[in-house]
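# Chains, contacts and geometry: an overview
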Amino acid sequence: MKKRQIGTRTEILENNDLAISVRSLHKSFRLPTEQAFGLKQAFFNRLRGIKGYTEQKVLKGLDFEIKKGEFIGIVGRNGSGKSTLLKILAGIYYPEKGDITVNGTLVPFIELGVGFNPELTGRENVYMNGALLGFSNEEMDAMYDDIWKFAELEKFQDQKLKNYSSGMQVRLAFSIAIRARGDILLLDEVLAVGDAAFQQKCNDYFASLKNSNQTVILVTHSMESVKKFCTRAILIEDGKITHDGKPAKIANEYNKILGIK
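Cut-offs used in this document
- Residues numbered from 1 in each chain as written.
- Predicted model: local features only at pLDDT ≥ 70, side-chain atom pairs only at ≥ 80, totals over all residues.
- Heavy atoms only, no water.
- Helix = DSSP H or I, 4+ residues; strand = E, 2+ residues; numbered from the N terminus.
- Buried < 20%, exposed > 50% of the residue type's maximum accessible area, 1.4 Å probe, protein only.
- Contact = heavy atoms within 4.5 Å.
- Areas by Shrake-Rupley, 256 points an atom, 1.4 Å probe, with all protein chains shown as cover.
- Pairing = 2+ DSSP bridges.
- Axes fitted to C-alpha atoms, helices over the stretch in contact; angles between N-to-C directions.
- Salt bridge = Lys/Arg side-chain N within 4 Å of Asp/Glu carboxyl O.
- Expected span 1.5 Å × (residues − 1).

## Some thoughts on the overall build of the chain
- Scanning the chain from terminus to terminus reveals 8 helices and 10 strands.
- When burial is assessed residue by residue, the chain has 44% of its 261 residues classed as buried.
- Once local pairs closer than 6 in sequence are excluded, the contacts in the chain between residues at least 24 apart make up 72%.
- Of the roughly 13,900 Å² of accessible surface on the chain, a fraction of 49% belongs to carbon and sulfur atoms.

## Overview of the sheet that holds strand 7 (residues 184–188)
- Read across the sheet, 6 strands follow the order 6-7-8-4-9-10 without closing on themselves; strand pairing throughout is mixed. The outermost strands of the open sheet, each flanked by one partner alone, are strand 6 (106–109) and strand 10 (240–245). Across the sheet, the axes of successive neighbouring strands diverge by a mean angle of 15°, strand direction being ignored.
- Across the sheet, helix 2 (residues 82–90) is in contact with strand 4 (71–75), strand 6, strand 7, strand 8 (215–219) and strand 9 (232–237); its angle to strand 7 comes to roughly 145°.

## A closer look at the pattern of salt bridges
- Applying the stated criterion across every chain, the model contains 11 salt bridges.
- Measuring nitrogen to oxygen at the nearest pair gives 3.1 Å for the salt bridge that ties Lys60 to Asp238. In this pair, Lys60 is assigned in strand 3 (residues 53–67) and Asp238 in the loop between strand 9 and strand 10, connecting sequence segments 178 residues apart.
- Residue Glu237 is joined to Arg77 by a salt bridge in which the shortest nitrogen-to-oxygen separation is 2.2 Å. Linking Glu237 in strand 9 with Arg77 in the loop between strand 4 and helix 2, this pair joins segments that are 160 residues apart in sequence.
- On the basis of relative accessibility, which here comes to 36%, the residue Arg77 falls in the partly exposed class.

## Considerations on the pairing of strand 7
- With 5 of its 5 residues buried, strand 7 lies for the most part within the structure.
- Here strand 6 runs beside strand 7; their pairing, made up of 4 bridges, is parallel. Counterpart to Val107 in the pairing with strand 7 is Leu185.
- By the bridge criterion, 5 bridges tie strand 7 to strand 8 in an arrangement that is parallel.

## A word on helix 5 (residues 166–177)
- Relative to the 16 Å expected for 12 residues at 1.5 Å per residue, helix 5 spans 16 Å between its end C-alpha atoms, a close match to the ideal helical length.
- Three or more residues of helix 5 are buried, namely Met168, Arg171, Leu172, Ala173, Phe174, Ser175, Ile176 and Ala177.
- Next to the buried residues of helix 5 lie strand 6, helix 3 (122–132), helix 4 (137–151) and helix 6 (196–210).

As structure tokens, then:
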């Protein structure tokens, strides 16, 4: 089993039942407030004590653990820090403080279709995207027909991707991505893809994950999805975990924040 360490400490998970351990996680971003035209202006701004930016603290000391096989929902209002957390877990962002231990191989479904080339055909993009996920040509040959059948785009295989609608591209990307191999899946609102019929297919797929051995982390605004798929949920508000527990309870707490009865 692979272990991936992110952060300032070099601790190894002692509990082999854990998939992820997060301790004292902090993350901030610098937002520019004043533009300096040239080095001279920047120098005088520094002398005057003008930083030219404000620091936005996004995550403020998160602590939690996720057991292997759990389906965790992470919820919160826009700007609460949940997507930043997901990107740190995926290795896209790096925390400034804290420690993350990932026990297993991790596959992110954060931005579907990353790596697609609009000038290539759908067929060529399938093989290229599969290679990015670590599949050989022989493995892609074996799953190729199933990818197109699931996406319901068999008639468009040899068209250039630039002629696909955005919905078609997302459906193809999703159909490829669900075949990725990994112990831990990171999902960011990927349930909202395609039309109602295709969303039902996606829902059926994620329902099957609930009873699998895979660990799943879902960031979503859909409390229906949280209650339907998740075995546990975490509510983040202003960069802090305010509630951690059963999905129905967390959904109610989230609705209270939004003023929904």
